[in-house]
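Chain and residue survey
For reference, the chains in residue letters:
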Amino acid sequence: MAITVLIVEDDKNIAELLQMYLEKEGYAVALAADGGQGVSKFRAIKPDLVLLDLMLPVMDGWGVCKAIRAESQVPIIMLTAKGETADKVAGLKGGADDYITKPFEMKEVLARIEAVLRRTGNVVEKKPNKLVFDKLIIDMDAFELTVDGKKVDTPPKEMELLFHLASAPNRVYTRNQLLDEVWGFDYFGDSRTVDVHVKRLREKLEGVSDKWSLKTVWGVGYKFEVTEE
């Protein structure tokens, strides 16, 4: 059964980005846009972990944390733009299990979630980090790309981009989605960054197999297309 994470965050873009990443990793996710809704949803769904923003409408993160702690020891990780040591100490003393300062890397968030869940005895069912297609192996544990039986030297960000696209075959991603989901929502580059990385990947992959390809969807973005057999 999937581990459930409740995200209490009033910034819709950040909340949806977190949801996207967590669901991709196999978590079940619920969202709450303010503190009052956060407490209500917590009581309704009994999540396994709470990602809790500090600055919230209706009820702030301190209030939500206090309300949850009055009835549960569920793990709480606070998310906030405040980076002062006093805020971190106050958050931990108030009952939070960990504290992440915005802007953050999604890899850090995932690692913190896994660490907190391990400490509380929950086992995270990891999705496979290795994808295999005809004449293509994308191994993110070893960060190795094997094309037609040969290992191809590939920079980490190209590997992450290819793995992200290939994890959802035939799904079309816009350039902005790929910037958010692969580079992170705090990345300040433009869409040409995606184009350059796709071009380099194509140089490594084109013509290798007729069962898959890295496709441009004109006016939209890119997809890893898998041909139905």
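It should be noted that the structure appears before, not after, this text.
The paragraphs below set out a description of the structure included in this document. (Residues numbered from 1 in each chain as written. Predicted model: local features only at pLDDT ≥ 70, side-chain atom pairs only at ≥ 80, totals over all residues. Heavy atoms only, no water.)

Before going further, it helps to spend a moment on the sheet that holds strand 1 (residues 4-8). Strand order in the open sheet formed by 5 strands is 2-1-3-4-5, and the pairing between neighbours is parallel. Two strands bound the open sheet, and with one partner strand each, they are strand 2 (28-32) and strand 5 (98-101). Put simply, the sheet's adjacent strands are angled 20° from each other on average, direction ignored. Across 5 bridges, strand 1 lies against strand 2 in parallel orientation. Each bridged residue has a counterpart across the sheet, and for Val5 the counterpart in strand 2 is Val29. The strands that helix 2 (residues 35-45) touches are strand 1, strand 2 and strand 3 (49-53); relative to strand 1, the one it contacts most, it runs at about 165°. Along the sheet face, helix 3 (residues 61-69) touches strand 3 and strand 4 (76-80) and points at about 175° away from the line of strand 4. (Pairing = 2+ DSSP bridges. Helix = DSSP H or I, 4+ residues; strand = E, 2+ residues; numbered from the N terminus. Axes fitted to C-alpha atoms, helices over the stretch in contact; angles between N-to-C directions. Contact = heavy atoms within 4.5 Å.)

How two helices sit against one another is set out by the angle between their axes and by the gap between those axes. Where helix 1 (residues 12-24) meets helix 5 (residues 106-119), the closest approach of the two axes is 11 Å, and the angle between their N-to-C directions is 60°. Here helix 1 lies oblique to helix 5, going by the angle between them. The crossing of helix 1 and helix 5 is right-handed. On helix 5, the residues touching Leu18, Tyr21 and Leu22 of helix 1 are Met106, Val109, Leu110 and Ile113. (Parallel < 35°, antiparallel > 145°, perpendicular 65-115°, else oblique. Left-handed = near helix turned anticlockwise from the far one by under 90°.)

Let us now look at helix 7 (residues 175-183). Those residues of helix 7 that sit buried are Leu178, Leu179, Glu181, Val182 and Trp183. Contact partners of the buried residues in helix 7: helix 1, helix 6 (156-166), strand 10 (173-174), helix 8 (192-205) and strand 12 (221-226). Positive phi shows up at Gly184, right after helix 7, with a value of about 105°. (Buried < 20%, exposed > 50% of the residue type's maximum accessible area, 1.4 Å probe, protein only.)

On to the environment of Tyr222, then. Tracing the backbone through its elements, the reader meets Tyr222 in strand 12. Along the chain, Tyr222 and Arg175 lie 47 residues apart, while their C-alpha atoms are 7.5 Å from each other. A polar side-chain atom of Tyr222 sits 2.6 Å from a polar atom in the side chain of Asp195. (Polar contact = N/O pair within 3.5 Å; in protein donor to acceptor, adjacent residues only side chain to side chain.)

Turning our eyes to something else, we now look at unusual backbone geometry. With an omega of -10°, the peptide bond between Lys102 and Pro103 qualifies as cis. Summarising the element assignment, Pro103 is placed in the loop between strand 5 and helix 5. The phi torsion at Val58 lies on the positive side, around 70°, for a residue other than glycine. Structurally, the position occupied by Val58 is in the loop between strand 3 and helix 3. Within the chain, Lys135 stands out as a residue other than glycine whose phi angle is a positive 60°. The topology assignment puts Lys135 in the loop between strand 6 (130-133) and strand 7 (136-139). The exposure class of Lys135 is partly exposed, given its relative accessible area of 41%.

So, about helix 3. Each α-helix turn comprises 3.6 residues. Residues three or four places apart therefore point the same way. For helix 3, the complete set of buried residues consists of Gly61, Val64, Cys65, Ala67, Ile68 and Arg69. Those residues of helix 3 hidden inside the fold are in contact with helix 2, strand 3 and strand 4.

With 28 residues, the main nonpolar core has Leu136, Ile138, Leu145, Leu161, Leu178, Leu205 and Phe224 as its most contacted residues. Secondary-structure elements contributing two or more residues to this core are strand 6, strand 7, strand 8 (144-147), helix 6, helix 7, helix 8, strand 11 (212-217) and strand 12. No other element matches helix 6, which puts 6 residues into this core. Residue contacts for Ile138: discarding those within four places in its chain leaves Asn129, Lys130, Leu131, Glu144, Leu145, Met159, Leu162, Phe163 and Ala166. (Core = buried A, V, L, I, M, F, W, Y, C linked by side-chain atoms within 4.5 Å.)

As far as function goes, none of this settles anything; it's purely spatial.
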